[in-house]
Amino acid sequence: MTAAKQPEQAAKSPRRAVAAADRTRQPTEVRRRLIVEAAVPLIAERGYKSVGVRDVAAAAGVSVGTVTYHFGSVQEILSEAMVLHIERYYAALSEAAEQATSGAEALRLLVDALFTEDTDRHWRMWFDYWNAGEQGTDEAFARGQAQRYEAWHRQIRELAERGVADGEFDSDDLDGFTVRFAALADGLALQRLRQAPPLSTQEARRHLNRLIERELVPRSPE
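(A) Broad picture of the overall build of the chain. Helix and strand counts for the chain stand at 11 helices and two strands. Secondary structure of the chain in N-to-C order comes out as α-α-α-α-α-α-α-α-α-β-α-α-β. Across the 222 residues of the chain, 37% fall into the buried class. Restricting to contacts in the chain with at least 6 residues of sequence separation, those with at least 24 account for 70%. Counting only carbon and sulfur atoms, one obtains 50% of the accessible surface of the chain, whose full area is about 13,100 Å².

(B) Inspection of the packing of helix α7 (residues 103–114) against helix α9 (residues 139–165) at higher detail. It is the contact of α7 with α9, at a shortest axis distance of 7 Å, that shows an interaxial angle of 145 degrees. Contact with α7, carried on its side by G103, A106, L107, L110 and L114, involves W152, L159, A160, R162 and G163 of α9 and no other residues of that element. Partitioned by chemical class, the residues of the contact of α7 with α9 number seven nonpolar, two polar and one charged.

(C) The pattern of salt bridges, seen in detail. In the structure shown here, the tally under the stated rule is 15 salt bridges. For E161, the salt bridge identified is with R157, shortest N-O distance 2.0 Å. A residue pair is termed a helical-turn pair when its members lie 3 or 4 positions apart in one helix, as E161 and R157 do in helix α9 at four residues. According to the relative accessible area criterion, R157 is partly exposed, its value standing at 25%. Among the salt bridges present, the one from R180 reaches D173, with a minimum N-O distance of 3.1 Å.

(D) Focus on the nonpolar core. By size, the foremost hydrophobic cluster in this structure holds 58 residues, and its most contacted members are L114, W152 and F181. Elements that contribute at least two residues to this core include exactly α3 (28–46), α4 (53–60), α6 (74–98), α7, α8 (120–132), α9, α10 (174–194) and α11 (201–215). Residue contributions to this core peak at 11 residues, all from α6. Setting aside residues no more than four positions away along its own chain, L114 makes contact with Y89, L93, T119, W123, W152, F181, A185 and L208.

(E) Region of the structure containing the packing of aromatic side chains. Counted under the stated rule, the structure contains five aromatic pairs. Ring geometry for F177 versus F181: centroids 5.8 Å apart, planes at 50 degrees, classification tilted. One end of the pair is F177 and the other is F181, both in helix α10 and four residues apart, which spans about a single turn. Site record: aromatic cluster; members linked through ring pairs are F115, W123 and F127. Here the guanidinium or amino end of R32 rests over the ring plane of F71, the centre of that ring lying 4.1 Å away.

(F) Seen up close, the side chain of H85. Positionally, H85 belongs in helix α6. Residue classification places H85 among the buried residues on the basis of a relative accessible area of 9%. Residues in contact with H85, not counting those within four places in the same chain, are V40, R121, H122 and M125.

Conventions and cut-offs
- Residues numbered from 1 in each chain as written.
- Predicted model: local features only at pLDDT ≥ 70, side-chain atom pairs only at ≥ 80, totals over all residues.
- Heavy atoms only, no water.
- Helix = DSSP H or I, 4+ residues; strand = E, 2+ residues; numbered from the N terminus.
- Buried < 20%, exposed > 50% of the residue type's maximum accessible area, 1.4 Å probe, protein only.
- Contact = heavy atoms within 4.5 Å.
- Areas by Shrake-Rupley, 256 points an atom, 1.4 Å probe, with all protein chains shown as cover.
- Axes fitted to C-alpha atoms, helices over the stretch in contact; angles between N-to-C directions.
- Nonpolar A, V, L, I, M, F, W, Y, C, P; charged D, E, K, R; others polar.
- Salt bridge = Lys/Arg side-chain N within 4 Å of Asp/Glu carboxyl O.
- Core = buried A, V, L, I, M, F, W, Y, C linked by side-chain atoms within 4.5 Å.
- Phe/Tyr/Trp six-rings, centres within 6.5 Å; stacked < 30°, edge-to-face > 60°.
- Lys NZ or Arg CZ within 6 Å of the ring centre and 35° of its normal.

What follows is the structure, given as structure tokens:
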């Protein structure tokens, strides 16, 4: 009789709970993207150093084990999240500039897009990412940072080159202009966030536009 009851007992034995994320089989790339996407608003709200694995897992709706399976460290998650945010931000800037009819207009649109009330969130995340690079991070993180800076400098230079190619202005130092534009933008953004001294978005734009006017000299009509 005991043997006869065994199948029934086996049938009634409780099943192990399976996480919802594990019940839905998704490609690794999709799962990683889900986790990274969830980390972006967390960084914006709390700051880079205040986000942990459990926070990311809760926001993504997955288990902590799922997060640690796909990522070696919380820094890896946050680094990819920042790269995703930055690429989206500058892609939007590029799209705005591409709609311009000239290089000069493209630079003006770039300046306008860099400083709005909505971009303060981006600048906070950018400086958080920047500061993280000073904390003895691994080589992959440092390499990713360098690539972001290079892409940003390349974008500025290409717009200036466009204006020169179109005959709108002259410049014998586009590399120098690019460095000074990027440095001034960063400095103004930091002052804008700190408000010490106070700086409005309109004033920040005016400073950048004056740099453009002084360094990219309008070409005289022949």
